Every structure is written in C-alpha cells, then in structure tokens.
Amino acid sequence: MEAQKKTGIVFDIDHFVVHDGEGIRTCVYLKGCPLRCAWCHSPESQREERQILFAAGRCVQCGACVAECPMKAQKMENGKRIFERDLCSMCGACIQVCSTGALTISGKEYTAEEIAEEVLADTVFFQKSGGGVTLSGGEVLMQADFAYEILKRLKEHHIHTIVETAGYGTTENLLRLAEYTDMFYYDFKLGDKEKFAQYVRGELEIVMDNLRALRRVTDQIVLRMPVIPGITDTRENILSLYQTAEELDIRRIHFLPYNTSAGAKYEWCGKEFLLGELQMDMEQLKRYQAMAPSGVKAEIMG
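These figures come from a predicted structure and were not determined experimentally. (Residues numbered from 1 in each chain as written. Predicted model: local features only at pLDDT ≥ 70, side-chain atom pairs only at ≥ 80, totals over all residues. Heavy atoms only, no water.)

Asker: Before we move on, could you go through unusual backbone geometry and cite the residues and values that matter?
Answerer: That bond from Gly137 to Gly138 is cis: its omega, 10 degrees, falls within 30 degrees of zero. Tracing the backbone through its elements, the reader meets Gly138 in the loop between strand E8 (132–136) and helix H5 (144–156). Although it is not a glycine, Asn78 sits at a positive phi angle of roughly 55 degrees. Mapped onto the fold, Asn78 is located in the loop between strand E4 (74–77) and strand E5 (80–83). With relative accessibility at 86%, the residue Asn78 sits in the exposed group. Of note, the phi angle at Met90 is positive, near 60 degrees, even though the residue is not glycine. Along the chain, Met90 turns up in the loop between E5 and helix H2 (93–97). (Helix = DSSP H or I, 4+ residues; strand = E, 2+ residues; numbered from the N terminus. Buried < 20%, exposed > 50% of the residue type's maximum accessible area, 1.4 Å probe, protein only.)

Now the structure itself:
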C-alpha cells in the first residue's frame with residue numbers, strides 16, 4: 001500500500017480546541033485502545049472498528065429503524081426499543097432513517113492525506129495562537145502507521161504536533177512517532193502494578209519501559225494523571241508520580257480531575273459505567289500539587 005493511501009479509523013475531529021496543548025489546536029481522535037480503564041471517558045474509542053451508538057433518550061420509538069434493518073438487530077418488544085448489537089452488520093440503514101439522531105456511527109475511515117488536508121485548513125489559527133495538531137485516542141499506538149503518516153505530513157508544513165498516549169504499544173512504534181512529534185502527553189495512571197492490572201487491565205511494565213525509552217530520545221514529555229477519587233488520588237500514587245518525574249527528569253505534570261459526564265456514553269455503547277458519581281476533593285488535589293518536587297511544574301487542568 002502506498003504511504004499516501006495509508007488509512008485509519010477516526011472517531012472524532014475537534015477544531016478550535018484549547019485544552020489539549022498550547023494555543024488553538026485541532027485534535028484528531030484515533031479509534032482503538034488495548035486498555036480498559038475503569039474511568040474511561042470515551043468508551044466509544046475502545047473498539048478499533050466502527051460501531052453504532054444508540055442514545056435511548058433520543059429515541060421516539062417511531063419504528064423506522066426496525067422496519068429498515070435487514071439483520072433484525074433493531075427491535076420493538078413489549079413496547080420497549082431494543083438494539084441487538086451482536087446481530088448488527090454495520091450497514092447503516094437504520095441511521096439513514098433515524099430522524100432524532102438516536103442512532104449514530106462512531107468511526108470513519110480516512111487516509112492520512114485526508115486528515116492532513118482537513119487540519120491544515122486551520123493553519124492560520126495555529127500560527128496566530130502558537131497552536132497545532134494533537135493526536136489522541138483511544139490509543140494512538142494502536143494505529144501507529146496511520147499516525148506516523150499524519151505526523152509526517154504535518155511536519156512538512158511546520159505544524160506543531162502533540163501525541164497523547166498511554167504508552168501501551170511497542171517501543172519501536174512509539175520511538176518512530178517521536179521523529180515527527182514535538183511534545184508527548186504521556187499518561188501516568190497508577191504506579192502500582194497490581195492496581196494497574198485491576199483498574200486499567202494492562203501491564204505497568206510496558207508503560208514504564210516505553211516511558212524510559214522515550215525519555216532517552218526526547219525531553220519534551222508531560223506526565224498526565226487522571227485524578228480518580230479513591231483510585232489514583234492516593235498519597236502513595238501521587239508520590240510514585242513525582243518519583244518517576246524526578247528519576248526521568250520530566251519537568252511538567254498535568255492533573256486531570258475526574259469527569260462525571262461519561263455515563264451517557266457507556267449507555268450509547270451498550271456498556272455499564274461502574275464508577276458512577278465520584279466526588280472530587282479539589283482541596284486535597286491542591287495539597288498534592290503543592291508537594292511537587294523542586295523544578296517540577298504540576299498543573300491542575302480544566
């Protein structure tokens with residue numbers, strides 16, 4: 001396959017973003033993630049393939065999708081609207097007749113050239129604000145070849161690039177992306193391997209080995225911690241974060257306070273959101289922020 005034809009699946013492109021890096025940015029969200037964080041804010045990003053989302057609260061039970069679905073995945077039973085996801089063939093027929101937007105598709109195939117063309121339309125805003133393009137996910141390393149081609153094209157136009165990653169992929173792919181990445185936003189979720197396995201469903205060693213390898217080739221790394229009450233916001237975990245920053249001479253940390261708005265997205269995906277309405281203790285977080293080692297800038301984002 002020719003490089004310019006390299007394709008990938010994107011589930012969102014946000015223009016004029018101001019919270020995913022310096023200046024005004026365009027954020028491209030790649031679909032697919034090997035991890036299953038208990039607090040994941042974008043469950044629609046987890047599956048690598050396209051999927052249909054069903055927002056039951058928008059459904060008026062008109063029955064149009066039931067009549068249109070060739071696989072009988074859309075049903076009405078005892079006055080209740082049911083979506084049998086296992087039967088769905090992703091033909092999109094139901095979406096075409098859904099007048100309320102209760103049914104939508106998450107994920108669209110693009111070439112790297114198409115992504116570059118769309119985001120480069122925002123160049124004037126990047127130049128005036130000191131912004132650029134941020135690749136996020138999902139996990140960018142799940143579509144490393146696609147991401148590499150996008151980044152390469154952006155750097156040909158001198159666009160500032162950020163990659164947001166949990167570091168969960170091959171070291172080879174991560175270091176390849178570094179060639180065309182100005183800044184990495186690198187997740188530090190949990191420093192305890194047993195808790196990492198429990199809440200993130202992965203191996204902590206992969207993340208830490210990749211972080212060390214990345215640090216050997218660039219110092220442009222920001223550690224980002226999702227602050228999840230009762231899980232990641234323990235004193236022990238905060239100290240583990242600071243210890244990692246000191247050992248690797250990483251000078252910036254972002255704390256990302258828990259966002260409670262993800263519950264509806266889980267329903268759209270046919271999943272159960274297990275964490276629910278946890279309460280952030282912002283005063284405690286500020287105290288943790290004040291514990292940052294000398295020379296390390298810890299910021300509370302949002």
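Asker: Run through the sheet that holds strand E2 (residues 25–30), naming residues and quoting values.
Answerer: Two pairing modes exist for strands in a sheet, parallel and antiparallel, and in both the strands are linked by backbone hydrogen bonds. Spatially, E7-E1-E2-E8-E9-E10-E11-E12-E13 is the arrangement adopted by the nine strands of the open sheet, whose pairing is mixed. Looking at strand neighbours, the two that pair on one side only are strand E7 (108–111) and strand E13 (297–300), the edges of this open sheet. Going across the sheet, the axis of each strand differs from the next one's by a mean of 30 degrees, ignoring polarity. Summarising the sheet, strand E10 (residues 183–187) and strand E11 (residues 221–227) pair through four bridges and their orientation is parallel. Bridge pairing links Tyr185 to Val222 in E11. Together, strand E1 (7–17), E2, E7, E8 and strand E9 (160–165) form the strand contacts of H5, whose direction differs from that of E9 by roughly 160 degrees. (Pairing = 2+ DSSP bridges. Axes fitted to C-alpha atoms, helices over the stretch in contact; angles between N-to-C directions. Contact = heavy atoms within 4.5 Å.)

Asker: Describe the pattern of salt bridges, with residues and values.
Answerer: Taken as a whole and assessed by the stated rule, the structure comprises 15 salt bridges. As a salt-bridge pair, Arg252 and Glu22 come within 3.8 Å of each other at their nearest N and O atoms. Linking Arg252 in strand E12 (residues 252–257) with Glu22 in the loop between E1 and E2, this pair joins segments that are 230 residues apart in sequence. Its relative accessible area of 24% is what places Arg252 among the partly exposed residues. Judged by its relative accessible area of 48%, Glu22 is partly exposed. Within this structure, Glu22, Arg252 and Glu299 form a network of salt bridges that share partners. (Salt bridge = Lys/Arg side-chain N within 4 Å of Asp/Glu carboxyl O.)

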